[in-house]
Amino acid sequence: MGETAGHHPPPPPQAAPPSLGLSRGPIWTPAEQLQQLQYCIHSNPPWPQALLLAFQHYIVMLGTTVLISSTLVPLMGGGHGDKGRVIQSLLFMSGLNTLLQTLFGTRLPTVMGPSAAFTLPVLSIINDYNDGSFTSEHDRFRHTIRTIQGSLIVSSFINIVLGYSGAWGNLARFFSPIVIVPFVCVVGLGLFMRGFPLLGNCVEIGLPMLVLLVICQQYLKRLHPKAHFIVERFALLFCIGVVWAFAAILTAAGAYNNVPEQTKLSCRTDRSYLLSSAPWIKVPYPFQWGTPIFRASHVFGMIGAALVTSAESTGTFIAASRFAGATAPPAHVLSRSIGLQGIGMLVEGIFGSVVGTTASV
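This structure is a prediction, so every number in the text was calculated from the model and none was measured. (Residues numbered from 1 in each chain as written. Predicted model: local features only at pLDDT ≥ 70, side-chain atom pairs only at ≥ 80, totals over all residues. Heavy atoms only, no water.)

### Notes on the nonpolar core
If you look at the biggest cluster of nonpolar residues, it comprises 23 residues, and the most contacted ones within it are L72, M76, V86, I148, V354 and V355. Counting residues per element, the ones that place at least two in this core are α2 (47-76), α3 (80-103), α4 (119-128), α5 (137-164) and α13 (296-323). C202, M209, A235 and L236 belong to the second-largest nonpolar core, a separate cluster that totals 13 residues. (Core = buried A, V, L, I, M, F, W, Y, C linked by side-chain atoms within 4.5 Å. Buried < 20%, exposed > 50% of the residue type's maximum accessible area, 1.4 Å probe, protein only. Helix = DSSP H or I, 4+ residues; strand = E, 2+ residues; numbered from the N terminus.)

### As for α4
Inspection of α4 places T119, P121, V122, I125 and I126 among the buried residues, and these make up the whole buried set. Seen from one end, α4 has its buried residues packed into an arc of 165°, which puts them on one side. (Arc of directions from axis to C-beta.)

### Quick look at a nonpolar patch on the surface
A cluster of nonpolar side chains, contributed by L189, F192, F196, V203, L207, L210, V211, V214, I215 and Y219, occupies part of the molecular surface with about 890 Å² of accessible area. Taken together, the elements giving at least two residues each to the nonpolar patch come down to α8 (192-201) and α9 (203-218). Here F192 lies in helix α8. On the accessibility criterion, F192 (45% relative accessible area) is partly exposed. (Patch = residues over 30% accessible without salt bridge, like charges linked within 9 Å, V, L, I, M, F, W, Y side chains within 5 Å. Areas by Shrake-Rupley, 256 points an atom, 1.4 Å probe, with all protein chains shown as cover. Salt bridge = Lys/Arg side-chain N within 4 Å of Asp/Glu carboxyl O.)

### Observations concerning the UniProt feature "transmembrane region" (unreviewed entry) in the chain
The UniProt entry lists residues 55-75, 150-168, 199-220 and 235-256 under the feature "transmembrane region" (unreviewed entry), expressed in the numbering used here. With 89% helix and 0% strand, the stretch residues 150-168 has end C-alpha atoms that lie 24 Å from each other. Here residues 235-256 is 82% helix and 0% strand, with 28 Å between the C-alpha atoms at its ends. (UniProt positions renumbered as here; feature names shortened; annotations may be inferred.)

### Focus: unusual backbone geometry
A positive phi angle is found at R107, which is not glycine, with a value near 60°. Its place among the elements puts R107 in the loop between α3 and β1 (112-114).

### Some words on the packing of α2 against α4
Where α2 contacts α4, the two axes come as close as 10 Å, and the packing angle between them is 15°. Classified by the angle between their axes, α2 and α4 sit roughly parallel to one another. Seen along the crossing, α2 lies across α4 with a hand that is left-handed. For the pair formed by α2 and α4, the contact residues are L72, L75 and M76 on the first element and T119, V122, L123 and I126 on the second. (Axes fitted to C-alpha atoms, helices over the stretch in contact; angles between N-to-C directions. Parallel < 35°, antiparallel > 145°, perpendicular 65-115°, else oblique. Left-handed = near helix turned anticlockwise from the far one by under 90°. Contact = heavy atoms within 4.5 Å.)

Below you can see the structure in the form of structure tokens.
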């Protein structure tokens, strides 16, 4: 007893916190990693929620896809059927590139979608063919998209070389948040220049959608815990359903029978002609528009857009790893993902996509 007087038993051993460098990632609960984070990279939601969230991601990407196609295809000389096929090709390639990135690239929960950075090179190609002698507008459309195909195929090799040579991983060391955040914001905010004028074409539909979305995401989720759970995850689906039903009621009631044609195209739910002019199921196939056309003057502009999307994707991958509770992707993973993005761009050129893809911001 004398020998043990004044001595205390040793404290029980405590488990060391998990290393963030482990391949499986941290095992802390999501709330302990980031505030207001319900699911991290290793805590997936149940299948019903996952399907609804996936459909919501699809709706978000569909907006950008339709916006880019509705802007470029009429300028190229294409009709409603051509626009539908272009949208189908963009959706198909976006899904394929998303699978490639999540399975073999960064393996982060990122969605690949069409990039607005390719708009300027594509507009340059369209302007070069405005004065050409074509037998019809559809012939001009096919000639333009074949030139876009050739430019995408050639520019894709820049990403492939930069990625699989490891050079992009070395360049990524200089991508600090001060560089990436303004760059991604400028690229993403460029869509506002095209989106807000379309909202102004139909204020009675666009403005309620904008106001309802802000109210749902900022205020309705505070009413009740169950309301917070639903609105926090599915506010966009709820708002789209309500506003589309409102637009369908106005269309059926004849509110747009005596308005200008442009207002009908923007407000009515039966004037897109996409469902009637395009097949319900259409799987794109290689060289569906014809043999690609290669012109050096157009390739350089597309190379610039490819580099822009590479930097944009790199910033998105870093942000996605942070929000998912994972470690920042190392240099070799970034290089692999950019090389795989180049392979995806090559496939897009082969399958006849009108623009390349990037990690959705």
